Amino acid sequence: MARVLIVDDSPTEMYKLTGMLEKHGHQVLKAENGADGVALARQEKPDAVLMDIVMPGLNGFQATRQLSKEPETNGIPIIIVTTKDQETDKIWGARQGAKEYLTKPVEEHKLIEVLNKVLKL
């Protein structure tokens, strides 16, 4: 299946998302902040990225923008997974290059459905 990078500073969210993905046969890569997420995406070239927004340092919008603008990573679909549920956040996320936007808490079937959609499975 797919190699998915989770970028989230919450150990609880990381654990939940990892469990959901591994249950469906995906390999998980992990980064605890935006800067590490960008670096790991450049190095590992995952099939998709699950990106939190609210993180210390480089936030998820900034990390998404960096990955979508760089030639070596702009083909990696980014799914924003966040507690921010305002319409303006969703629009801004799309403008930064995110392909999809999910609000926490994420239901497993919805996560897998959206992941399959961006991976074209």
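None of these values were measured; they are calculated from a predicted model. (Residues numbered from 1 in each chain as written. Predicted model: local features only at pLDDT ≥ 70, side-chain atom pairs only at ≥ 80, totals over all residues. Heavy atoms only, no water.)

### Observations regarding the overall build of the chain
Turning to step 1, where the next piece is worked out: Helix and strand counts for the chain stand at five helices and five strands.
Turning to step 2, where the next piece is worked out: The secondary structure elements of the chain, listed N-terminal to C-terminal, are β-α-β-α-β-α-β-α-β-α.
Turning to step 3, where the next piece is worked out: Rg of the C-alpha trace for the chain: 13 Å, near the compact-globule value of 14 Å for 121 residues, within the 12% margin.
Turning to step 4, where the next piece is worked out: Dimensions along the principal axes, computed over C-alpha positions, put the chain at roughly 30 × 30 × 25 Å.
Turning to step 5, where the next piece is worked out: In the chain, buried positions account for 48% of the 121 residues.
Turning to step 6, where the next piece is worked out: If you take every contact in the chain between residues at least 6 apart in sequence, the share linking residues at least 24 apart comes to 60%.
Turning to step 7, where the next piece is worked out: For the chain, the computed accessible surface area is about 6200 Å², with 50% contributed by carbon and sulfur atoms.
Turning to step 8, where the next piece is worked out: Taking the 16 positively charged and 18 negatively charged side chains of the chain as two groups, their mean positions are separated by 5 Å. (Helix = DSSP H or I, 4+ residues; strand = E, 2+ residues; numbered from the N terminus. Rg over C-alpha atoms; globule rule 2.2 N^0.38 Å. Buried < 20%, exposed > 50% of the residue type's maximum accessible area, 1.4 Å probe, protein only. Contact = heavy atoms within 4.5 Å. Areas by Shrake-Rupley, 256 points an atom, 1.4 Å probe, with all protein chains shown as cover. Lys, Arg positive; Asp, Glu negative; His and termini not counted. Charge placed at Lys NZ, Arg CZ, Asp CG, Glu CD.)

### Section: the UniProt feature "domain: Response regulatory" (unreviewed entry) in the chain
Turning to step 1, where the next piece is worked out: In this numbering, the UniProt entry assigns the feature "domain: Response regulatory" (unreviewed entry) to residues 3–119.
Turning to step 2, where the next piece is worked out: In residues 3–119, the share of helix is 48% and the share of strand is 20%. The end C-alpha atoms are 11 Å apart. (UniProt positions renumbered as here; feature names shortened; annotations may be inferred.)

### Some words on the pairing of strand S2 (residues 27–31)
Turning to step 1, where the next piece is worked out: Both strand S1 (residues 3–7) and S2 contribute to a ladder of five bridges, which runs parallel. Counted as the bridge partner of Arg3 is Gln27 from S2.
Turning to step 2, where the next piece is worked out: Following the backbone out of S1, through helix H1 (residues 11–23) and into the adjacent parallel S2, one traces a crossover that is right-handed. (Pairing = 2+ DSSP bridges. Right-handed = clockwise from strand over helix to strand, strands pointing away.)

### Some details on the UniProt feature "modified residue: 4-aspartylphosphate" (unreviewed entry) in the chain
Turning to step 1, where the next piece is worked out: Listed under "modified residue: 4-aspartylphosphate" (unreviewed entry) in the UniProt record, and renumbered for this structure, are Asp52.
Turning to step 2, where the next piece is worked out: Here Asp52 is to be found in the loop between strand S3 (48–51) and helix H3 (60–69).
Turning to step 3, where the next piece is worked out: With residues near it in sequence (within four places) discarded, Asp52 still touches Val7, Asp8, Asp9, Gly60, Val81, Thr82 and Lys104.

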